[in-house]
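Listed below, chain by chain, are the residues.
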Amino acid sequence: MFSEDLLAGETAVVTGASRGLGEAIAYRLAEIGADVVLTARSADRLEAVADGIETGTGSTAVPVPGDVRESEDVARVADRATELGDGAVDVLVANAGANFHAPVAEISENGWRTIVDINLNGTFRYCHALVDALTAADGGRVVTMSSVVGRDGAAESGHYAASKSGIEAFTRSLASEWAERNVRVNCVRPGLVATPGVEENRGVTAERIDRSDVDRTLGHPDEIADLVAFLVSPGASYVTGQTYTAEGVPDGAD
Ligand code: NAD
């Protein structure tokens, strides 16, 4: 679908890359030529993913464990990526995210803060830490990660919805600010995707998804990875500040 040297010579950072969408995105960017720095909390899992990417794609994959809530961890990831890219980081995919279900009447202030800190503040921390390296790339790209819940809201996910909605507004603001740095900033807004967590909860499997079938409301992780690949490609040169939805049939979820 994308040429294998599309991102040749480029360096990309993918957060939340130990599994799910982040893993699929990191794999896709490496497959089309980027060297990737992967980060998430679990060191063991990250190393396994990095090994799989290097073996499968031939690109360099560097695992750097860290928590998006800790500025020192974020700085360590940013430094390693900047070193790998000789001072420039071409692509940041701020994908790491978390959620749990609780009604607003019952959520603790700590629970609210945790989700906003991981999703929204974590996105800010990575953009902030990599601004110089993205500017040095002379054509940097950022992709942030929302959710249809950030657009629609959802019962028992007020904290998550607010954090994702914030990411969309942040994306638009950053795109305005960073145009003069030659950095494009866009957001992806997935509907339900068959990541391992969703597979467990819903009893579905990604393997059974037929990508040629339009009439569905469950996506494959590769479909999100492909949208990210498009947004960081030269094909999206006139696209910045936008949020792209990938949810299959609109209003089709049961
Ligand atoms: P997942 O739970 O499978 O993976 C989340 C990743 O984020 C993991 O690598 C995890 O280690 C990392 N992460 C979580 N908290 C972290 C922290 N404090 N510090 C560092 N890393 C942390 O999730 P997923 O389904 O792959 O979702 C990825 C992104 O896509 C999230 O932002 C999620 O909100 C969004 N999303 C997913 C779906 C879906 O259906 N799967 C739908 C809409 C949006």
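Cut-offs used in this document
- Residues numbered from 1 in each chain as written.
- Predicted model: local features only at pLDDT ≥ 70, side-chain atom pairs only at ≥ 80, totals over all residues.
- Heavy atoms only, no water.
- Near = heavy atom within 4 Å.
- Polar contact = N/O pair within 3.5 Å; in protein donor to acceptor, adjacent residues only side chain to side chain.
- Helix = DSSP H or I, 4+ residues; strand = E, 2+ residues; numbered from the N terminus.
- Nonpolar A, V, L, I, M, F, W, Y, C, P; charged D, E, K, R; others polar.
- Buried < 20%, exposed > 50% of the residue type's maximum accessible area, 1.4 Å probe, protein only.
- Contact = heavy atoms within 4.5 Å.
- Pairing = 2+ DSSP bridges.

**Student:** Would you explain the site of the ligand in this entry?
**Tutor:** Taken together, the neighbourhood of the ligand is formed by 27 residues, with Ser-18, Arg-19, Leu-21, Asn-95 and Tyr-160 sitting nearest. Between an oxygen atom of the ligand and a main-chain N or O atom of Leu-21, the distance comes to 2.8 Å. Note that a nitrogen atom of the ligand is positioned 3.2 Å from one of the side-chain N or O atoms of Thr-195. Only helix H1 (20-31) and helix H7 (158-178) provide two or more residues apiece to the shell around the ligand. Within the shell around the ligand, the residues separate by chemical class into 12 nonpolar, 10 polar and 5 charged.

**Student:** When you look at the side chain of His-220 in this model, what are you seeing that I'm missing?
**Tutor:** Inspection of the secondary structure assignment puts His-220 in the loop between helix H8 (196-202) and helix H9 (221-232). In this structure His-220 comes out as buried when scored by relative accessible area, which is 17%. In this structure the side chain of His-220 is engaged in a polar contact, spanning 3.0 Å, whose partner is the backbone nitrogen of Asp-222. Leave out the neighbours within four places in its chain, and His-220 touches Val-193, Ala-206 and Ile-209.

**Student:** Explain the pairing of strand E5 (residues 141-145) here, please?
**Tutor:** Side chains on a regular strand alternate between the two faces of the sheet. The buried fraction of E5 is high, at 5 of 5 residues. A two-sided burial pattern is seen for E5, the buried positions comprising Arg-141, Val-143 and Met-145 on one face and Val-142 and Thr-144 on the other. Bridge analysis of strand E4 (residues 91-94) against E5 gives 4 bridges, and the strand direction is parallel. Considered in E5, the bridge of Leu-92 is made with Val-142. Inspection of the sheet shows E5 paired to strand E6 (residues 184-190) by 5 bridges, in the parallel sense. Residue pairing across strands places Val-143 opposite Asn-186, the latter belonging to E6.

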